[in-house]
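Now for the letters of each chain:
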Amino acid sequence: SELLDYLDGKIAKRDASWKEKFQVNFVEIYSDANEELFEDALLVTPNQFPPLAPAALAFVTTGVSLFSSFVYAIDTFGENPAVMEKLRGAAEVAQNGGVYDLTWFNELLIPLLVTLGAAQGFHELAHLSVAWLKQIKLTAPTILPSQSLPYLSFQNRIKTSPKGYADLFDLAFVGPIAGLTVSFI
C-alpha cells in the first residue's frame, strides 16, 4: 500500500491526468504446482471501465421495474375481501358516470411503497457513500425487474476500479448491511 501510494504520488507530479486514466496494482503471482509465492508484480490497468448496457436501456429497465413495483403493491391487496369489495364499488360508481375518491386506497399503498423504497434507498446510499469515500466512480443505479417481487435488485456498475480488495469488499458489503438494518427498524 505504501509502495502504491508512493508510485501514485510520483506519477501525479509528472502527469496529473495519468492517475485518472490508469491505475497501478500490486499483485502476487503463485505457481500452479504448489501454493508458494512465485513473484510479485506491478499491474497497470486502465482506470475507466465502460458500462456494458446503453443508458437508454437502463432507463427503460428502471421504468419497467418501477411500474412492476407499483403493480406489486396493488396486487398485495388482491386477496383482501374488504379492499376488493370497496374497489368493485368504486368501479361501479365510475361506470355509472360518478366520481369516487380512492384516497383510502392510496393510504394503503403508500406505506408499502415507502417501506420497500426506504430499505433499498439506504442500501444504495450506503454503496454511493463508500464509493465517494474510496474514490470509486459508479454508474447510476439500474432497477432490475422481477415477475414475483416488486423488483429483483438494483445494479450499480463500477466505472473506476477500487484501490484494492478491501475497498471492493467495503463497497459490496455496506449496501446489504444498511438495507438489512433499515428493514429491522
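Owing to the predicted nature of the structure, the values given are computational and were not obtained by experimental measurement.

Novice: Any chance you could explain the overall build of the protein chain here in plain terms?
Specialist: If you tally the helices and strands in the protein chain, you get six helices and four strands. Starting at the N terminus, the α and β elements of the protein chain follow one another as α-α-β-β-α-α-α-β-β-α. Of all intrachain contacts in the protein chain linking residues separated by at least 6 positions in sequence, the fraction that spans at least 24 positions is 55%. As presented, the protein chain carries roughly 13,100 Å² of accessible surface, and 65% of it is formed by carbon and sulfur atoms.

Novice: What am I meant to see in a nonpolar patch on the surface here?
Specialist: Taken together, Phe169, Phe173, Ile177, Leu180 and Phe184 make up a surface patch of nonpolar side chains, about 560 Å² in accessible area. Turning to its location among the elements, Ile177 is positioned in helix α6 (residues 165-184).

Novice: Could you clarify how one ought to interpret the packing of helix α4 (residues 81-95) against helix α5 (residues 103-133) in this entry?
Specialist: For any two helices packed against each other, one specifies the crossing angle of their axes together with the interaxial distance. Here α4 crosses α5 at 140°, and the two axes come no closer than 11 Å. As judged from the angle between their axes, α4 and α5 are oblique. Crossing hand, α4 versus α5: left-handed. For the pair α4 and α5, contact is made by Val83, Lys86 and Leu87 and by Trp104, Phe105 and Leu108, respectively.

Novice: Can you help me understand the pattern of salt bridges in this one?
Specialist: Pairing of side chains with opposite charge becomes possible as their charged atoms draw close. Counting across every chain of the model gives three salt bridges. The closest approach of N and O atoms between Arg88 and Glu85, which form a salt bridge, is 3.6 Å. With Arg88 and Glu85 both in helix α4 and three residues apart, the pair spans about one turn of that helix. Its salt-bridge partner being Asp167, residue Lys134 comes within 3.4 Å of it at the nearest N-O pair. Note that Lys134 is positioned in the loop between α5 and β3 (142-144) and Asp167 in helix α6, a separation of 33 residues in sequence. Take Asp167: its relative accessible area is 16%, and that puts it in the buried class. Here the salt bridges share partners, and the residues they tie into one network are Lys134, Asp167 and Asp170.

What counts as what
- Residues numbered from 1 in each chain as written.
- Predicted model: local features only at pLDDT ≥ 70, side-chain atom pairs only at ≥ 80, totals over all residues.
- Heavy atoms only, no water.
- Helix = DSSP H or I, 4+ residues; strand = E, 2+ residues; numbered from the N terminus.
- Contact = heavy atoms within 4.5 Å.
- Areas by Shrake-Rupley, 256 points an atom, 1.4 Å probe, with all protein chains shown as cover.
- Patch = residues over 30% accessible without salt bridge, like charges linked within 9 Å, V, L, I, M, F, W, Y side chains within 5 Å.
- Salt bridge = Lys/Arg side-chain N within 4 Å of Asp/Glu carboxyl O.
- Axes fitted to C-alpha atoms, helices over the stretch in contact; angles between N-to-C directions.
- Parallel < 35°, antiparallel > 145°, perpendicular 65-115°, else oblique.
- Left-handed = near helix turned anticlockwise from the far one by under 90°.
- Buried < 20%, exposed > 50% of the residue type's maximum accessible area, 1.4 Å probe, protein only.

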